[in-house]
Structure formats: C-alpha cells, structure tokens
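Take a look at the letters that make up each chain.
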Amino acid sequence: ELASIGGSFYFSKNHSVVNFSGLNNLTEIGRSFYIDTNQVLIDFSGMESLVSVGMNLIIQANPGLESMAELYGISSINGDLWVRLCHSLTNLDGLENLSIVEKDLNITFNDALASLAVLDNLNSIGGGLTVASNDALVNLTGLETLSSIGGDFYLIGNDGLTNISGLEALTSVGGVFYIFNNNVLPNVSGLENVSSIGGELTISHNDNLSSLSGLEGISAASIDSLYIYANTSLSYCHVQSICDYLAAPGGTVNIHDNA
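Attention here is on the structure that accompanies the text. Everything numeric in this text was worked out from a predicted model, so none of it was measured. (Residues numbered from 1 in each chain as written. Predicted model: local features only at pLDDT ≥ 70, side-chain atom pairs only at ≥ 80, totals over all residues. Heavy atoms only, no water.)

## Thoughts on a negative patch on the surface
Item 1. Together, D120, E144, E168, E192 and E216 make up a negatively charged patch on the protein surface.
Item 2. The exposure class of E168 is partly exposed, given its relative accessible area of 36%. (Patch = residues over 30% accessible without salt bridge, like charges linked within 9 Å, V, L, I, M, F, W, Y side chains within 5 Å. Areas by Shrake-Rupley, 256 points an atom, 1.4 Å probe, with all protein chains shown as cover. Salt bridge = Lys/Arg side-chain N within 4 Å of Asp/Glu carboxyl O. Lys, Arg positive; Asp, Glu negative; His and termini not counted. Charge placed at Lys NZ, Arg CZ, Asp CG, Glu CD. Buried < 20%, exposed > 50% of the residue type's maximum accessible area, 1.4 Å probe, protein only.)

The structure is reproduced here in structure tokens:
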C-alpha cells in the first residue's frame, strides 16, 4: 500500500529479486531512486504507478535487466539520469514520456543497447550528455527534439556507431564538445545546426572519420581550444568553423597525427 517515499530509495545488491512486484501503488520518490548492482533484476514490473522522482534516477550495474518499460509515467528528472552497465538492455523503452533532464544524462557501457528511439520527447538537458561504450548503437536516432545541452557533450567509444543522425535539432552545447574513439564513424553529418559551444572542441582517435562536414556552423568565438588528432582517415579539416578559429585562435591549437 506504500504510495510515496519522502527520501531516497536504494535498491541495491539484491541477488534474488527479479522485479518490483508489491510496490504497485508507489507514485512518488521524494529524492533519488538508485537501482544499483542487482544481479537478477529483469524489469520494473510493479513500478507502473511511479510518476515522480525528485532528484536522480540511477540505473546501474544490473546485468540481467531487459526492460525499463514500466517507467513510462516519469516525464521529468530533476537531477541526473544514468543508464549504465546494463548489458542485457537493448532499448530505453519506458522513457518515452521524458521531456527534461535537469542535470546529466549518462548512457554508458550498455553492450546490447541498439536504440535511443524512445527519447524523442526529450528537448533539453540542463547538464551534460555522455553516450559512451554502447557497442551495439549505430546512430543517435531518438534525440531529434533535443535542442540544447547545458554542459559537456561526450561521444566516446561507441564501436558500432555509423552516423550521428538524431541530433539535427541541437543548436548549443554549454561545455566541451568531445568526439573520441568511435572507430567506424565516417563523418559528423547531422550536427549542422550546432552554432555554439562553451569549451574545447576535440575530435580524436576516430579511425574511420574522413570529414568534419557538419561542424561548419559552430561560431569560432565560442570555441575555447581546438584539438584534432589521431584520426587516421582524416586528410583535411577545412570547414568554416575550423578555418575561422585558426585565423584568430583564442586558446590552444593541437592538430597532429591525422591522414
């Protein structure tokens, strides 16, 4: 009969519980909801009534988790949202009504995650966005309504990523812009509407990257420092934003070991 929890809810290190059956009336968690290191947790059955998490939603290190579909009632996260180290999770179904993440969105180390498609209502991230080490992810389709990232943007080590489709609405990044070690990514098309960033621009260790077309709209004045290195297929980098910055650099320039 539990309807609300005023503080945080820690569901951690349970080795026999497969879902949340018995919590069917829970509508509100006042602070954070941590689902961490549960070896046999399969899904969120029992959480269908949950509509509010006051701070952070941390879903981490649940190797058997196959679905988050029962979290469909949550429309905003007032802190961080982490989905990481959930190696059986193939999609983010359950987050289809999410429109705002006030702080950081971290989607990392999910080996089977193939799609971000249900995030198509997410229009702003107040903190940073990190998409890293999701080897089955081939694009960023699902982020089409995301217009701003308040903090840093990290796209790192997604070994199956073949394009960046999905970020066409993105216009600003408040912090660093970092594309690193995405081994099959051939280009960065889809970022044409990004007009400003708030930190360094780093493109490095992307072995198949042959063009920076897509970055030309970034205002050179918004770039703090520029790092383009160890992209072994990149033989030229002459897009307007890079040329404008090199004409009057406002910080460090480090370009080396490209094709």
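Let us keep going from here.
## A closer look at the packing of aromatic side chains
Item 1. Considering all chains together, one arrives at nine aromatic pairs under this definition.
Item 2. Measuring from centroid to centroid gives 6.0 Å for F20 and F33, while their planes differ by 70 degrees, and the two rings are edge-to-face. Taken together, the residues span a long stretch of sequence, with F20 in the loop between strand 2 (9-12) and strand 3 (28-29) and F33 in strand 4 (residues 33-36) at a distance of 13 residues. The same class applies to F20 and to F33, which are both buried. (Phe/Tyr/Trp six-rings, centres within 6.5 Å; stacked < 30°, edge-to-face > 60°. Helix = DSSP H or I, 4+ residues; strand = E, 2+ residues; numbered from the N terminus.)

## A short note on the sheet that holds strand 14 (residues 153-156)
Item 1. If you trace the 11 strands from one edge of the open sheet to the other, you get 2-4-6-8-10-12-14-16-18-19-20, paired in parallel fashion. Looking along the sheet, the strands with just one partner apiece sit at the ends: strand 2 and strand 20 (253-256). Each strand of the sheet is rotated relative to its neighbour by a mean of 5 degrees, with strand direction disregarded.
Item 2. Alignment of strand 14 against strand 16 (residues 177-180), held across four bridges, turns out to be parallel. If you follow L155 over to strand 16, its bridge partner there is I179. (Pairing = 2+ DSSP bridges. Axes fitted to C-alpha atoms, helices over the stretch in contact; angles between N-to-C directions.)

## Brief notes about helix 1 (residues 240-247)
Item 1. For helix 1, the full list of buried residues reads S241, I242 and Y245. Buried residues of helix 1, seen end-on, are gathered within an arc of 100 degrees and therefore sit on one face of the element.
Item 2. If you follow the buried residues of helix 1, they end up packed against strand 18 (201-204), strand 19 (226-229) and strand 20. (Arc of directions from axis to C-beta. Contact = heavy atoms within 4.5 Å.)

## Things to note about the environment of S195
Item 1. Residue placement: S195 occurs in the loop between strand 16 and strand 17 (196-197).
Item 2. Along the primary structure S195 and N19 are separated by 176 residues, whereas in three dimensions their C-alpha atoms are 44 Å apart.
Item 3. Each residue touching S195, except ones within four places of it in the same chain, is listed here: T171, G217, I218, S219 and S222.

## Regarding the pairing of strand 4
Item 1. Only one face of strand 4 is covered, namely the face carrying F33 and I35; the face carrying Y34 and D36 is uncovered.
Item 2. Here four bridges tie strand 2 to strand 4, and the two strands are oriented parallel to one another. The residue of strand 4 that forms the bridge with S12 is D36.
Item 3. Sheet topology note: the strand 4/strand 6 (residues 57-60) ladder contains four bridges and is parallel. Within strand 6, the residue paired with I35 across the bridge is I59.

## Some remarks on the side chain of D80
Item 1. Along the chain, D80 falls in the loop between strand 7 (76-77) and strand 8 (81-84).
Item 2. For D80, the side chain forms a polar contact with the main-chain nitrogen of D104, separated by 2.9 Å.
Item 3. Not counting chain neighbours up to four residues away, the residues in contact with D80 comprise M55, N56, L57, I58, K103 and D104. (Polar contact = N/O pair within 3.5 Å; in protein donor to acceptor, adjacent residues only side chain to side chain.)

## Digging into the nonpolar core
Item 1. Membership of the largest hydrophobic core comes to 73 residues, with the highest contact counts inside it found for F33, F44, M47, M68, L92, L140 and L212.
Item 2. Discounting residues that sit within four places of it in the chain, L212 has contacts with V188, I203, I228, L234, C237, V239 and I242. (Core = buried A, V, L, I, M, F, W, Y, C linked by side-chain atoms within 4.5 Å.)

## Here we look at unusual backbone geometry
Item 1. Of note in this structure, K13 is not a glycine but carries a positive phi near 60 degrees.
Item 2. The phi angle at T37 is positive, at roughly 60 degrees, despite the residue not being glycine.

## Quick word on a nonpolar patch on the surface
Item 1. A cluster of nonpolar residues, V18, V40 and I42, forms a patch on the protein surface that exposes about 180 Å² of accessible area.
Item 2. Tracing the backbone through its elements, the reader meets V40 in the loop between strand 4 and strand 5 (52-53).
Item 3. The class of V40 is partly exposed, set by a relative accessible area of 31%.

## Focus on the environment of A114
Item 1. Assignment of secondary structure puts A114 in the loop between strand 10 (105-108) and strand 11 (124-125).
Item 2. Separated by 95 residues in the primary sequence, A114 and L209 place their C-alpha atoms 21 Å from one another.
Item 3. The residues touching A114, leaving out its near neighbours within four places in the chain, are T90, A136, L137 and V138.

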